[in-house]
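Read off the chains here:
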Amino acid sequence: MKISIIYAQHAPTGAIGYAGQEAMPWHIPEDFKYFKDKTMGKPMVMGYNTFKSLPRLLPGRFHYVLTRSEELHAKAMENGVQFVSSIQQAADLAKKNGHEELMVIGGAEVIKAALPLANIVYRSKVEGECFFDEERSLVYAPQPPALESTHGFEIVSSEKSPLYILNKTSKKPACHSAIHGLTFEVYLKKPVSDTAAV
Ligand SMILES: NC(=O)c1ccc[n+]([C@@H]2O[C@H](COP(=O)([O-])OP(=O)(O)OC[C@H]3O[C@@H](n4cnc5c(N)ncnc54)[C@H](OP(=O)(O)O)[C@@H]3O)[C@@H](O)[C@H]2O)c1
């Protein structure tokens, strides 16, 4: 079973969102499309906060939701959602259901827990200035130096999306007018022998 992590990250700060059950701080149509392309038809695992922050279930994808709540664990699977207690449990269930890849879609707590298990990281690098809401706390995911040195990944592709301005499309005040770059990066876990040699 292949485990892939996918997240969009504001490169200057490393932020990926606000702490808790909060919606994404930006609205980037190109990134939503990339996310959809990478996840469609595949099972996803996400933290309970991320699950609660979704406006609705994402069609065409099974939702495994990580929680430590025993009450939720006891709930039966329904409408394409199942509560699980570990990423490994989600991977085992996905494999049993005939899938070859599990997509870890966040948030920050879950990304950190998944890094030792993951084979691939899809990172959308968001560049520019974000006017984050100072009243709320941000959550952060590892940046490339840590992905490489601490977690043993290496970058295998980097594709820049055409430049765009978000003023017209973004309804979110948090990160609106100054985003000027989006790059889709792919990292692969280095074989253990390579990592040991470093
Ligand atoms: N930029 C991106 O690509 C991206 C992607 C996804 C989410 N986000 C953003 O990230 C933010 C949420 O991130 P977050 O770090 O606060 O929360 P999160 O990772 O989505 O969820 C955390 C919750 O998941 C459960 N959990 C996490 N690790 C677990 C483990 N190892 N075992 C069992 N349960 C576990 C716990 O739920 P219980 O409390 O129920 O036990 C925990 O409170 C939101 O703002 C969201 O919009 C951004």
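Residues numbered from 1 in each chain as written. Predicted model: local features only at pLDDT ≥ 70, side-chain atom pairs only at ≥ 80, totals over all residues.

**As for helix α4 (residues 87-96)**
- Of the positions making up α4, those classed as buried are Ile-87, Ala-90, Ala-91 and Ala-94. Seen along its axis, α4 keeps its buried residues to an arc of 100°; they face one direction.
- Packed against the buried residues of α4 are β1 (2-10), β3 (44-47), β4 (63-66), β5 (81-84), β6 (101-104) and α5 (108-114).
- Just past α4, the residue Gly-98 takes up positive phi, approximately 90°. (Buried ≥ 20, exposed ≤ 12 C-beta atoms within 10 Å, placed from the backbone. Helix = DSSP H or I, 4+ residues; strand = E, 2+ residues; numbered from the N terminus. Arc of directions from axis to C-beta. Contact = placed C-beta atoms within 7 Å.)

**Focus: the site of the ligand**
- Around the ligand, 30 residues are found, and the nearest of them are Gly-17, Gly-47, Asn-49, Gly-106 and Gly-107.
- Looking at the shell around the ligand residue by residue, the class counts come to 15 nonpolar, 12 polar and three charged. (Near = placed C-beta within 6 Å. Nonpolar A, V, L, I, M, F, W, Y, C, P; charged D, E, K, R; others polar.)

**Points about the nonpolar core**
- Counting 45 residues, the largest nonpolar core has Ile-5, Val-45, Met-46, Leu-102, Val-104, Ile-111 and Ala-114 as the members making the most contacts within it.
- The leading source of residues in this core is β1, at five residues.
- Once residues within four sequence positions are removed from consideration, Val-45 is found in contact with Tyr-64, Leu-66, Ile-87, Ala-90, Leu-102 and Val-104. (Core = buried A, V, L, I, M, F, W, Y, C linked by C-beta atoms within 7 Å.)

**Brief notes about the environment of Phe-35**
- Within the secondary structure, Phe-35 sits in helix α1 (residues 29-39).
- The class for Phe-35 is partly exposed, based on 19 C-beta atoms found within 10 Å.
- Distance from Phe-35 to Ile-6, taken between C-alpha atoms, is 7.6 Å for residues 29 residues apart in sequence.

**Regarding the pairing of β1**
- Taking burial as the measure, the nine residues of β1 include eight buried ones, the bulk of the element.
- Two elements, β1 and β6, share four bridges in a ladder whose sense is parallel. The partner of Ser-4 across the bridge, within β6, is Met-103.
- Direction of pairing for β1 relative to strand β7 (residues 120-129): parallel, over a ladder of seven bridges. From the neighbouring strand, Gln-9 faces β7, where its bridge partner is Lys-125. (Pairing = 2+ DSSP bridges.)

**Examining the environment of Ile-5**
- Tracing the backbone through its elements, the reader meets Ile-5 in strand β1.
- Residue classification places Ile-5 among the buried residues on the basis of 28 C-beta atoms within 10 Å.
- Separated by 107 residues in sequence, Ile-5 and Lys-112 have C-alpha atoms that sit 9.9 Å apart.

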